[in-house]
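Notes for the structure review
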Amino acid sequence: MKSNSSNQIPMGKSHESIYQRAVGVITGGVSRNTIFRRPHPYYVASANGSFITDIDGIRRLDFANNMASLIHGHSHPAIVNAVIKQLKKGSAFTMATEAEVNFAELLTARSPGFEKIRFVNSGTEAVMTMIKISRAYTGKPKIAKAEGAYHGTYDFAEISQTANPDNWGDIDKPNAVPVVQGTPEGIKDDVVIYPFNDIERTIHLLDQNADQIACVLLDPVPHRIGLFPATNEFVEAIYNWTRRNNAILAFDEVVTYRVNYSGMQDSYSVKPDLTALAKIIGGGFAIGAIAGKSEIMQVLDPRETFLRHPHSGTFSANPVSTTAGRIAMELFDEQAVLKLNALAMMAREQIEESIKIADVPVSITGVGSMFRLHFQENVPSTYREAYQNKETKAVINELIDYLFFKENIIMINTMACMFATTLTRNDVDRLSEALLRGLKNNETKKLIV
Ligand SMILES: Cc1ncc(COP(=O)(O)O)c(C=O)c1O
């Protein structure tokens, strides 16, 4: 039973006491499992640039950047000033604002394939809407997605995100494994799971469902699979398949848009029909977007007599997110993209050196301003190869905790770093030296070897 009695709720501002209050009112004490830690999460007092200060005054160097969403670190002055200016004029209206148009012009000019765009509020919503647009346009029900890929929490998009050796089945026909208990059978039936970067098996699986597939969903550098890029041959093979079978090639660039000035899609000889965006394009605020071919996006057009996909959202294209996003993306120009990628590459090289000195079987994957460490000697190239068993997860958790508590460094709990432009060479030195100490740590080493 809930109690408000002050003698039952410690009021001191410690992490423990706040968490005690949290569990009384928030399920598990957190609204996003990502930030949960045992025995409790740590609470932020403030953040600036690449540093987050918690309520004990401990200042940590941040390589997670709110799960890859803060391309300019925390509270960037240009973004803060623009947002304050906008907030004074209002934050959301049942009317349009020019802020939305300005940002749409910027993004459509940035990526040649973005003929039209629509804004939503998250990556989940962007992927969901992209799938629904694909169904509305093609008149077909199914989607295909890669085993292990994370695309947010829309029922269809999350199938097989957490597939494991006990349930993933034969690689020739991977099982459609639900993430959430109670997922209807019908959802599974409408999702074709393909093995990432495996052309032969993927095309075979797509062929078996050719007249049913509305879109092939593809994250070109899927973090949860292992943060290695889709090969050009793989993307081309899927693209060609979609041309032959009246299906849409739907890229999830929620994370990967940062890789090139025009997104990861710029790295391929063929382009997606539709792209889902989110994270960095919000400049630190909640946002999502779907961009792509005018003819396909037309299904959303309210001027049509037969509107195939009615689409709204209370906070979609609100002027706070679109203003923050526009400033962030203006600052993340071609030079900034290249500079950031070079810094991340330097970090990778230094960490490879740390791995060598520590003499541990660890490998690194990644592209552009993001990379991930794997606790295996050979660089993995498939979801099943990169899959972490319980023992490996324990090693990773130990190292993540070591970095957090002893080195005051924050990494994503898959052992990934998502760089921000506020990071410096000194920060990179600090990371590689901390990792060297962490990897040399006896307990960690014992568990790895
Ligand atoms: C590749 C990818 N797609 C979609 C999403 C969902 O985005 P959001 O958390 O904004 O709903 C994420 C989130 O991490 C993601 O990494």
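Quantities reported herein were computed from a predicted structural model and do not represent experimental measurements. (Residues numbered from 1 in each chain as written. Predicted model: local features only at pLDDT ≥ 70, side-chain atom pairs only at ≥ 80, totals over all residues. Heavy atoms only, no water.)

1. As for the overall build of the protein chain
- When its secondary structure is counted, the protein chain shows 16 helices and 14 strands.
- Over its C-alpha trace the protein chain gives a radius of gyration of 22 Å, about what one expects of a compact globule, namely 22 Å for 449 residues.
- A principal-axis box enclosing the C-alpha atoms of the protein chain has dimensions of 60 × 55 × 55 Å.
- In the protein chain, buried positions account for 54% of the 449 residues.
- If you take every contact in the protein chain between residues at least 6 apart in sequence, the share linking residues at least 24 apart comes to 68%.
- Of the accessible surface of the protein chain, which amounts to about 20,500 Å², a share of 50% is contributed by carbon and sulfur atoms.
- Charge separation in the protein chain, taken as the distance between the mean sites of 46 positive and 49 negative side-chain charges, equals 6 Å. (Helix = DSSP H or I, 4+ residues; strand = E, 2+ residues; numbered from the N terminus. Rg over C-alpha atoms; globule rule 2.2 N^0.38 Å. Buried < 20%, exposed > 50% of the residue type's maximum accessible area, 1.4 Å probe, protein only. Contact = heavy atoms within 4.5 Å. Areas by Shrake-Rupley, 256 points an atom, 1.4 Å probe, with all protein chains shown as cover. Lys, Arg positive; Asp, Glu negative; His and termini not counted. Charge placed at Lys NZ, Arg CZ, Asp CG, Glu CD.)

2. With respect to helix α4 (residues 98–110)
- Spanning 13 residues, α4 covers 18 Å between terminal C-alpha atoms, matching the ideal 18 Å at 1.5 Å per step.
- Within α4, the full set of buried residues consists of Ala 99, Phe 103, Ala 104, Leu 106, Leu 107 and Arg 110. Taken around the axis of α4, the buried residues stretch over an arc of 160°, which confines them to a single face. Looking at α4, the residues exposed on the side facing more than 90 degrees away from the buried face are Glu 98, Glu 105 and Ala 109.
- In this structure, the buried side of α4 is in contact with β4 (116–120), α11 (319–331) and α12 (334–358). (Expected span 1.5 Å × (residues − 1). Arc of directions from axis to C-beta.)

3. A look at the packing of helix α3 (residues 77–88) against α11
- The geometry of α3 relative to α11 is characterised by a closest axis approach of 9 Å and an angle of 155° between their N-to-C directions. Taken together, the axis directions place α3 and α11 in an arrangement best described as roughly antiparallel. Classified by chirality, the crossing of α11 by α3 is right-handed. Across from Ala 78, Ile 79, Ala 82, Val 83, Gln 86 and Leu 87 in α3, the residues of α11 making contact are Pro 319, Val 320, Thr 323, Ala 324, Ile 327, Ala 328 and Leu 331.
- For the contact of α3 with α11, a count of residues per class yields eleven nonpolar, two polar and no charged. (Axes fitted to C-alpha atoms, helices over the stretch in contact; angles between N-to-C directions. Parallel < 35°, antiparallel > 145°, perpendicular 65-115°, else oblique. Left-handed = near helix turned anticlockwise from the far one by under 90°. Nonpolar A, V, L, I, M, F, W, Y, C, P; charged D, E, K, R; others polar.)

4. Brief notes about the site of the ligand
- Near the ligand the following residues occur: Ser 122, Gly 123, Thr 124, Tyr 150, His 151, Gly 152, Asp 219, Asp 252, Val 254, Val 255 and Lys 279.
- At 2.8 Å, a side-chain N or O of Thr 124 approaches an oxygen atom of the ligand.
- Protein contacts shield 81% of the accessible area of the ligand, which totals 390 Å² for the unbound molecule.
- Partitioned by chemical class, the residues of the shell around the ligand number three nonpolar, five polar and three charged. (Near = heavy atom within 4 Å. Polar contact = N/O pair within 3.5 Å; in protein donor to acceptor, adjacent residues only side chain to side chain.)

5. Considering the sheet that holds strand β7 (residues 213–218)
- Ordered by their spatial adjacency, seven strands build an open sheet running β4-β10-β9-β8-β7-β5-β6, and the pairing between neighbours is mixed. Sheet topology places β4 and β6 (191–194) at the edges, where each strand pairs with a single neighbour. Neighbouring strand axes in the sheet, compared pairwise and without regard to direction, differ in orientation by 20° on average.
- Where strand β8 (residues 248–252) lies against strand β9 (residues 274–278), three bridges are found, and the strand directions are parallel. Along β9, the bridge assignment pairs Phe 251 with Thr 275.
- Against the sheet, helix α9 (residues 232–244) touches β6, β7 and β8, its axis set at about 165° to β7. (Pairing = 2+ DSSP bridges.)

6. Description of the pattern of salt bridges
- Under the definition given, this model contains eleven salt bridges.
- The shortest N-O distance in the salt bridge between Asp 172 and Arg 201 comes to 2.6 Å. One end of the pair, Asp 172, is in the loop between α6 (155–158) and α7 (185–189); the other, Arg 201, is in helix α8 (residues 199–208), with 29 residues separating them in the sequence.
- Salt-bridge contacts for Asp 301 lead to Arg 303; the nearest nitrogen and oxygen are separated by 2.7 Å.
- For Arg 303, a relative accessible area of 73% gives the class exposed.
- When salt bridges that share partners are traced, they join Asp 172, Asp 198 and Arg 201 into one network. (Salt bridge = Lys/Arg side-chain N within 4 Å of Asp/Glu carboxyl O.)

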